[in-house]
Amino acid sequence: MSEPKSPTPTPGDTYKGWLFKWTNYIKGYQRRWFVLSNGLLSYYRTQAEMGHTCRGTINLATANIAVEDSCNFVISNGGAQTYHLKASSEVERQRWITALELAKAKAVHMQAESDDSGDDCPTVPPTAGQGGSCRNSEIQSTLRTLSSKVEDLTTCNDLIVKHGSALQRSLSELEGIRVGGDMGDKIRQVTERATLFRITSNAMINACRDFLSLAQNHSKRWQKALQTERDQRIRLEETLEQLAKQHNHLERAFRGATVLPPSFSNPALGNKGGVSGKGDASDEDDDNEFFDAMEDPAEFITVPADPKYHRRSGSNVSGFSSETGMDDQSFDELSLASNPESPQPFELEPVRQRRTRIPDKPNYYLNLWSIMKNCIGKELSKIPMPVNFNEPLSMLQRLSEDLEYYELLDKAAKCQSSLEQMCYVAAFTVSSYSTTVHRTGKPFNPLLGETFELDRLRDCGYRSLCEQVSHHPPAAAHHAVSEKGWTLRQEIALASKFRGKYLSIMPLGSIQCIFDKSNNHYSWKKVTTTVHNIIVGKLWIDQSGEIDVVNHRTGDRCHLKFAPYSYFSRDVPRKVTGVVTDKDGKAHYVLSGTWDEKMEFSRVMQSSKGENGTEGKQRTVYQTLKAKEIWRKNPLPEGAENMYFFSSLALTLNEPEEGVAPTDSRRRPDQRLMEDGRWDEANAEKQRLEEKQRTARREREREAVKAASSPEEADAQETGTEASEVSDESTHQDNHQALWFEKIDDPASGETLHVYKGGYWEAKDQGSWDMCPDIF
């Protein structure tokens with residue numbers, strides 16, 4: 001290797017030479033020509049490339065230099081660039097280290113002077129209120145780093161002095177020994193070099209001390225200058241904000257927005273928070289703020305409405321009646337307070353204390369391959385899955401969890417306007433998905449005839465009943481009724497598709513909600529649930545699709561869109577947007593939020609067609625009032641991560657209760673064993689129940705065949721049935737009559753579904769369960 005002429009480079013010199021640079025595991029170290037100049041270390045393949053092709057450059061001002069062994073050292077600037085270098089000898093490596101350290105000290109010093117003079121100020125300043133503090137912390141961090149480096153160098157200097165003195169003493173002793181003249185000259189030469197080495201080390205320490213002292217002396221001046229810049233930035237941002245508001249106001253005026261005379265906007269004439277008489281809109285304070293609703297580029301755009309729209313009297317600014325043009329208060333203060341027939345609080349009764357914990361989930365190891373290797377060639381629905389994939393709740397109980405935010409339906413029942421009521425129903429629709437965000441466990445498949453009651457009449461004013469009405473295809477019916485004047489009923493069947501990396505679960509059937517006072521009849525369907533990372537990785541759940549909530553009496557409609565998660569989307573994850581329209585398609589409210597956190601609504605004051613979107617589709621622009629929160633998710637109980645991420649309601653669903661039906665999910669033994677942490681016993685019990693259900697089903701099919709045909713035909717059909725059952729059992733339809741539900745054609749929605757026919761709560765009061773089958 002060719003070496004530089006000067007053995008001890010100075011800060012002002014350009015240092016050049018050959019070094020070996022690590023490239024990759026195939027080529028290893030490769031010989032490269034390195035040039036150190038002006039605080040920059042560059043390298044080339046050959047010396048001839050210096051004039052035209054630089055292979056890489058690293059700035060030493062922000063770099064760290066570390067020595068690995070006698071010949072190797074590393075230069076890194078924090079992760080973006082890292083050079084692993086090797087010199088031909090230890091002496092050569094020390095020359096490079098000395099040159100690099102001197103160049104780095106000079107580069108840091110020059111950068112500090114440049115920052116002080118303002119030559120290298122950033123082109124994009126930090127955020128207001130944070131720029132000064134961030135820059136100040138950066139300076140303090142630099143000073144701490146320099147101080148730490150000086151301490152390290154001081155320690156090294158002490159060691160050099162110690163060992164140098166010892167070396168000199170040893171050499172002095174050697175000098176006293178009578179040897180040849182040449183040996184004495186060599187010893188004196190070594191002594192001189194050792195003395196020079198100590199002097200050089202002391203000089204380096206002094207230079208670093210001087211640099212640190214200079215930085216400390218100028219730190220106060222830097223902080224003062226940065227504080228001045230921060231104050232100026234804040235003033236500029238305030239000025240720009242005022243100019244933007246004025247520009248927005250002028251732009252709306254130019255587009256034809258009506259501006260009232262000052263006399264009409266006198267706040268003394270209004271009654272903030274009150275409701276004016278019919279035909280008049282109530283006033284609000286001039287300081288009222290108007291914000292953007294959440295934006296969905298594929299559907300519509302929302303912008304703040306003119307603050308003076310709602311001050312117009314006897315007009316129809318947005319095409320609404322005065323009822324929907326009232327002051328933008330919360331529904332609780334407006335529509336609920338104006339309802340003279342709101343139910344009065346009933347007499348309080350002692351409320352049962354529900355449990356707040358269940359046993360922690362055991363950490364059992366599960367070999368997935370030991371399960372899947374026995375399922376090759378089998379139908380997915382016939383695979384016996386262990387309880388390790390489950391959570392200790394049945395699908396009927398998960399269905400009852402939709403009522404966790406029943407208060408939304410209580411408020412909806414008190415609304416005077418069907419459009420306001422639609423907002424609450426839509427928020428209730430979204431809230432039912434909030435419990436699924438961390439719930440990757442599979443609920444137990446209900447047995448045919450299994451039921452689950454949720455009696456919260458004293459606690460919350462409602463009670464519900466679920467029953468598994470079909471097994472192939474699996475379907476559950478749910479009925480809930482409240483003292484507050486609403487009824488919820490749904491029939492849900494699940495279809496699933498395994499697509500390799502994820503599992504899609506498509507709920508079939510519909511959900512209906514009927515309000516007694518207004519006879520408003522709403523219906524909607526559920527969106528697709530996707531479970532990702534089925535094979536490899538951490539499981540996570542997403543909801544995607546569209547929901548149309550329809551009021552069959554008035555024709556009102558709310559179109560909700562659940563945006564699927566995308567790595568490349570700039571939108572907030574789990575985003576939901578919606579628009580409430582009347583029967584004529586005119587928008588009245590915009591809803592926005594996320595299905596796992598909260599939903600907000602804002603009143604639409606005016607709508608217009610905006611510019612074309614990315615796909616050439618013209619998007620609607622809604623001018624809205626300030627958005628207000630209509631629903632927020634309840635926080636999970638403490639320690640929920642160890643309890644299957646159950647909500648407070650979910651923790652109580654499997655709590656044992658007296659008087660429930662013998663078919664209730666609380667009495668299911670495998671589910672109870674799993675909750676208690678006895679998973680091996682739960683797996684054995686689960687297999688027993690499944691086999692018992694198959695036997696009962698085969699018996700029902702034989703009886704149905706015998707009852708429908710002659711004995712000869714029955715034997716033939718029975719044989720064919722058994723053969724078909726072996727080939728494709730899932731294609732059969734259950735010949736089963738539900739105990740508490742009956743199938744009807746709903747005239748309002750035009751759908752066929754199971755509805756509650758009565759008798760369950762009466763049987764519970766009498767304690768008479770003779771009609772219930774033995775399924776457990």
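What you see is a predicted model; the values in this text were computed from it and never measured.

*Asks:* I would appreciate a short explanation of the overall build of the protein in the present structure.
*Replies:* Across its full length, the protein carries 12 helices and 27 strands. For the protein, with 776 residues in total, the buried portion stands at 43%. Of the roughly 42,100 Å² of accessible surface on the protein, 51% is carried by carbon and sulfur atoms.

*Asks:* Is there a simple way to explain the packing of helix H6 (residues 407–414) against helix H7 (residues 418–431) in this structure?
*Replies:* It is at 8 Å that the axes of H6 and H7 come closest, and there the two elements cross at 170 degrees. Comparing their axes, H7 and H6 come out roughly antiparallel. Counting all contacts with H6, which are made through Leu 408, Leu 409, Lys 411, Ala 412 and Ala 413, the residues of H7 involved are Gln 421, Tyr 424, Val 425, Ala 427, Phe 428 and Ser 431. For the contact of H6 with H7, a count of residues per class yields eight nonpolar, two polar and one charged.

*Asks:* Just checking my understanding: could you explain the nonpolar core for this structure?
*Replies:* In globular proteins that are soluble, nonpolar side chains generally tend to be buried together. In terms of nonpolar packing, the biggest core is built from 66 residues, with Trp 486, Leu 488, Phe 515, Trp 524, Val 549, Leu 560 and Phe 562 touching the most fellow members. Counting residues per element, this core draws most heavily on H7, at nine residues. Filtering out sequence-adjacent residues up to four positions away, Phe 562 remains in contact with Val 430, Tyr 433, Val 527, Gln 543, Ser 544, Gly 545, Ile 547, Lys 575, Val 576 and Trp 595. Within the second largest apolar cluster, 20 residues are counted, among which are Phe 34, Ile 75, Leu 85 and Leu 100.

*Asks:* Is there a simple way to think about the sheet that holds strand E2 (residues 28–37) in this case?
*Replies:* Paired through backbone hydrogen bonds, the strands of a sheet run either parallel or antiparallel to each other. Spatially, seven strands are ordered E4-E3-E2-E1-E7-E6-E5 in an open sheet, and the strand pairing comes out antiparallel. Of all strands in the sheet, those with a lone pairing partner are strand E4 (56–59) and strand E5 (64–67), marking the two edges. Direction aside, neighbouring strands of the sheet carry axes that sit 35 degrees apart on average. The pairing of strand E1 (residues 15–24) with strand E7 (residues 82–86) spans two bridges and is antiparallel. Considered in E7, the bridge of Lys 21 is made with Leu 85.

*Asks:* Quick question: what am I supposed to make of the pairing of E5 here?
*Replies:* Regular strands show a simple pattern: their side chains alternate between the two faces of the sheet. Of the strand pairs in this sheet, E5 and strand E6 (residues 72–76) are connected by four bridges, and their pairing is antiparallel. Its bridge partner being in E6, Asn 64 is matched across the sheet by Ser 76. Counting the residues between successive antiparallel strands, the hairpin from E5 to E6 contains four residues.

*Asks:* Is there a simple way to explain the side chain of Ser 510 in this structure?
*Replies:* The residue Ser 510 is located in the loop between strand E15 (502–508) and strand E16 (511–515) in this model. For Ser 510, a relative accessible area of 5% puts it in the buried group. Not counting residues within four places of it along the chain, the set of residues in contact with Ser 510 comprises Arg 489, Gln 490, Glu 491, Ile 492, Trp 524, Lys 525 and Glu 751.

*Asks:* Would you mind showing me how to read the pattern of salt bridges here?
*Replies:* Pairing between side chains of opposite charge can happen when their charged atoms approach one another. Under the defined criterion, the tally for this structure stands at 37 salt bridges. Salt-bridge contacts for Arg 352 lead to Glu 655; the nearest nitrogen and oxygen are separated by 3.4 Å. One end of the pair, Arg 352, is in the loop between strand E8 (300–304) and helix H4 (368–372); the other, Glu 655, is in the loop between helix H8 (648–653) and helix H9 (669–675), and 303 residues separate them in sequence. Between Arg 694 and Glu 691 there is a salt bridge, and its shortest N-O distance comes to 3.2 Å. Highlighted residues: Arg 694 and Glu 691, both in helix H10 (residues 679–708), separated by three residues, approximately one helical turn. What makes Glu 691 partly exposed here is its relative accessible area of 37%.

*Asks:* Can you help me understand the packing of aromatic side chains in this one?
*Replies:* Counted by the stated rule, this structure contains 18 aromatic pairs. Ring geometry for Tyr 406 against Tyr 462: centres 5.1 Å apart, planes inclined by 45 degrees, an arrangement best described as tilted. You can see Tyr 406 sitting in the loop between helix H5 (395–400) and H6 and its partner Tyr 462 sitting in strand E12 (residues 462–471), a full 56 residues away along the chain. Assessed through its relative accessible area of 13%, Tyr 406 is described here as buried. Considering the side-chain rings of Tyr 462 and Trp 486, the 6.4 Å spacing of their centres and the 35 degrees angle between planes classify their relative orientation as tilted. With Tyr 462 in strand E12 and Trp 486 in strand E14 (residues 486–498), the pair connects residues that are 24 residues apart, well separated along the chain.

*Asks:* Can you help me understand unusual backbone geometry in this one?
*Replies:* Most peptide bonds take the trans form, and the phi angle of most residues other than glycine is negative. Backbone geometry places Asn 38, a non-glycine residue, at a positive phi of 55 degrees. Tracing the chain through its elements places Asn 38 in the loop between E2 and strand E3 (40–44). The residue Tyr 644 is not glycine, and still its phi comes out positive at about 65 degrees. Its location among the elements puts Tyr 644 in the loop between strand E25 (628–632) and H8.

*Asks:* Where do I start with the environment of Ser 608 in this structure?
*Replies:* Considering the arrangement of structural elements, one finds Ser 608 in strand E23 (residues 598–612). Residue Ser 608 is classed as partly exposed on the basis of its relative accessible area, which comes to 39%. Measuring from C-alpha to C-alpha, the distance between Ser 608 and Val 621 comes to 5.2 Å, with 13 residues separating the pair along the chain. Leave out the neighbours within four places in its chain, and Ser 608 touches Arg 619, Thr 620 and Val 621.

Parameters at a glance
- Residues numbered from 1 in each chain as written.
- Predicted model: local features only at pLDDT ≥ 70, side-chain atom pairs only at ≥ 80, totals over all residues.
- Heavy atoms only, no water.
- Helix = DSSP H or I, 4+ residues; strand = E, 2+ residues; numbered from the N terminus.
- Buried < 20%, exposed > 50% of the residue type's maximum accessible area, 1.4 Å probe, protein only.
- Areas by Shrake-Rupley, 256 points an atom, 1.4 Å probe, with all protein chains shown as cover.
- Axes fitted to C-alpha atoms, helices over the stretch in contact; angles between N-to-C directions.
- Parallel < 35°, antiparallel > 145°, perpendicular 65-115°, else oblique.
- Contact = heavy atoms within 4.5 Å.
- Nonpolar A, V, L, I, M, F, W, Y, C, P; charged D, E, K, R; others polar.
- Core = buried A, V, L, I, M, F, W, Y, C linked by side-chain atoms within 4.5 Å.
- Pairing = 2+ DSSP bridges.
- Salt bridge = Lys/Arg side-chain N within 4 Å of Asp/Glu carboxyl O.
- Phe/Tyr/Trp six-rings, centres within 6.5 Å; stacked < 30°, edge-to-face > 60°.

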